[in-house]
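Tertiary structure, described
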Amino acid sequence: MMKVLELVDIWYEVEGKTILREINARFEEKKVYSILGTNGAGKSTLAYLIMGLEGYRPTRGKILLDGEDITNLSVTERARRGITLMWQEPARFTGIKIRDYLTLGGKRKVSEDELERVLETVGLNPLLYLERNVDEKLSGGERKRVELASILLMKPRYTILDEPDSGIDIMSLEMIERVLSELVSAGGSVILVTHREEIALESDYAFLICHGTILKEGDPSTIVQFYKNSCDKCDHPNEPQEEMIG
Ligand SMILES: Nc1ncnc2c1ncn2[C@@H]1O[C@H](COP(=O)(O)OP(=O)(O)OP(=O)(O)O)[C@@H](O)[C@H]1O
């Protein structure tokens, strides 16, 4: 059985409004995918459907993991199967040290070396951060990095990064590259949800979403070129014109 996460003709409607339609996609092992699109295209909704957040069940279509139908499984059950989502806005925990946040609750024991290494990967000096608390004194960027470090320790099969770049000039492309390559070398795949071209270029395969559907897919540089030429300066965002489809 091929190891693959598949979206088969996914539709999603809320309050009579079609947010996603006819989404077909395959996510294989050890690959980085990007889902590119302008604001409101439906990217986050798709990420939430894959993760299975409450209220996010396709109106039509199926989600298959290695052939198993996971369409109606809860977030917990999907997490157990190795799917994880990093939020646009990471959680704020108070009164717990970064060290404990990263080591408690995990299934396996984490060595000091590993702990230091993941912090370094996300650009946080272990000497300065291990004993700090996870609280509102951490900047948004720092919290996001802590979140990424915890994902690196988890080694998920599928990591969905929703706007890994949002609000953070500090999160360099170089750091994102390090995180991606670490996740992939641990055997995982990544789905990057983004509206930024340079982030999409970090992927192996790109999907361009417009108005709730996949308008184009393929080699990231080709997709990004199309996005630059068409979507960036589109005066009818999320209303694809006939000539663009196909
Ligand atoms: N629960 C909901 N009820 C009604 N409309 C919704 C709901 N969720 C999303 N939408 C609408 O669906 C569209 C897609 O939203 P979504 O957040 O998925 O877009 P996005 O591509 O992630 O955008 P952004 O880049 O701004 O985060 C938007 O027009 C949004 O207003």
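Coordinates for the structure precede this section.
As the structure is a computational prediction, the values presented were derived from the model and not from experiment. Residue numbering note: each chain is counted from 1, following its sequence as written. Reporting in this predicted model follows two pLDDT cut-offs: at least 70 for local features of residues, and 80 or more for side-chain atom pairs to be given and counted; totals over whole chains, interfaces and linings ignore these cut-offs and use all residues. As a rule here, side-chain values cover all heavy atoms of the structure and leave hydrogens and water aside.

1. Digging into helix H4 (residues 112-121)
To sort residues, take the accessible area from a 1.4 Å probe on protein chains only and compare it with the maximum for the residue type: under 20% means buried, over 50% means exposed, and anything in between is partly exposed. Only DSSP runs of H or I reaching four residues or more are called helices, and only runs of E reaching two or more are called strands; each is numbered from the N terminus. Turning to H4, its buried residues number three or more, namely Glu114, Leu115, Val118, Leu119 and Thr121. Considered in projection along H4, the buried side chains sweep an arc of 160° and stay on one side of the axis. In what follows, a contact means two residues having at least one pair of non-hydrogen atoms within 4.5 Å. Where H4 is buried, its residues touch helix H3 (98-103), helix H5 (126-129), helix H6 (140-154) and helix H7 (173-185). In the segment just after H4, Gly123 is the residue with positive phi, at about 80°. Note that the arc is computed from the directions linking the helix axis to the C-beta atoms.

2. Concerning the packing of H4 against H7
In this description, a line fitted to the C-alpha atoms serves as the axis of each element, helices being fitted only across the stretch in contact, and the angle between N-to-C directions of two axes falls anywhere from 0 to 180 degrees. Following both chains from N to C, one finds H4 and H7 inclined at 135°, their axes separated by 9 Å at the closest point. Considering the angle they form, H4 stands oblique to H7. Two secondary-structure elements touch here, H4 through Arg117, Val118, Glu120 and Thr121 and H7 through Met175, Arg178, Val179 and Glu182. Only Asp, Glu, Lys and Arg are considered charged, only Ala, Val, Leu, Ile, Met, Phe, Trp, Tyr, Cys and Pro nonpolar, and every remaining residue, Gly among them, polar. Residue composition of the contact of H4 with H7, grouped by class: 3 nonpolar, 1 polar and 4 charged. When describing relative orientation, an angle under 35 degrees is termed roughly parallel and one over 145 degrees roughly antiparallel, while 65 to 115 degrees is termed roughly perpendicular and anything else oblique.

3. Some details on the sheet that holds strand S4 (residues 60-65)
Strand pairing is defined by DSSP finding a minimum of two bridges between the two strands. With antiparallel pairing, 4 strands are arranged side by side in an open sheet as S2-S1-S4-S5. In this open sheet, the two strands that pair with only one neighbour each are strand S2 (17-28) and strand S5 (68-69). The sheet contact formed by strand S1 (residues 4-14) and S2 spans 8 bridges and is antiparallel. When the sheet's bridge partners are listed, Val4 is paired in S2 with Glu28.

4. Examining the pairing of strand S6 (residues 83-86)
Side-chain alternation along S6 places Ile83 and Leu85 on one buried face and Thr84 and Met86 on a second face that is also buried. Of the strand pairs in this sheet, S6 and strand S7 (residues 158-162) are connected by 4 bridges, and their pairing is parallel. Bridging from a neighbouring strand, Leu85 pairs with Ile160 of S7.

5. Re the site of the ligand
Working definition: residue near molecule or strand if any one of its non-hydrogen atoms lies within 4 Å of it. Near the ligand you find 13 residues, and of these Gly40, Gly42, Lys43, Ser44 and Thr45 are the closest. One of the backbone nitrogen or oxygen atoms of Gly40 is found 2.8 Å away from an oxygen atom of the ligand. Within the backbone of Ser44, an N or O atom sits 2.8 Å from an oxygen atom of the ligand. With the chains in place, 65% of the 640 Å² that the ligand exposes on its own is no longer accessible. Sorting the residues of the shell around the ligand by element identifies S2 and helix H1 (43-51) as the ones contributing at least two each. It is H1 that contributes the most residues to the shell around the ligand, 3 residues altogether. For this analysis, a polar contact is any N or O atom pair within 3.5 Å, provided that within protein one partner can donate a hydrogen and the other can accept it, and provided that sequence-adjacent residues contribute only side-chain to side-chain pairs. Working definition of accessibility: Shrake-Rupley area with a 1.4 Å probe, residue cover restricted to the visible protein chains.

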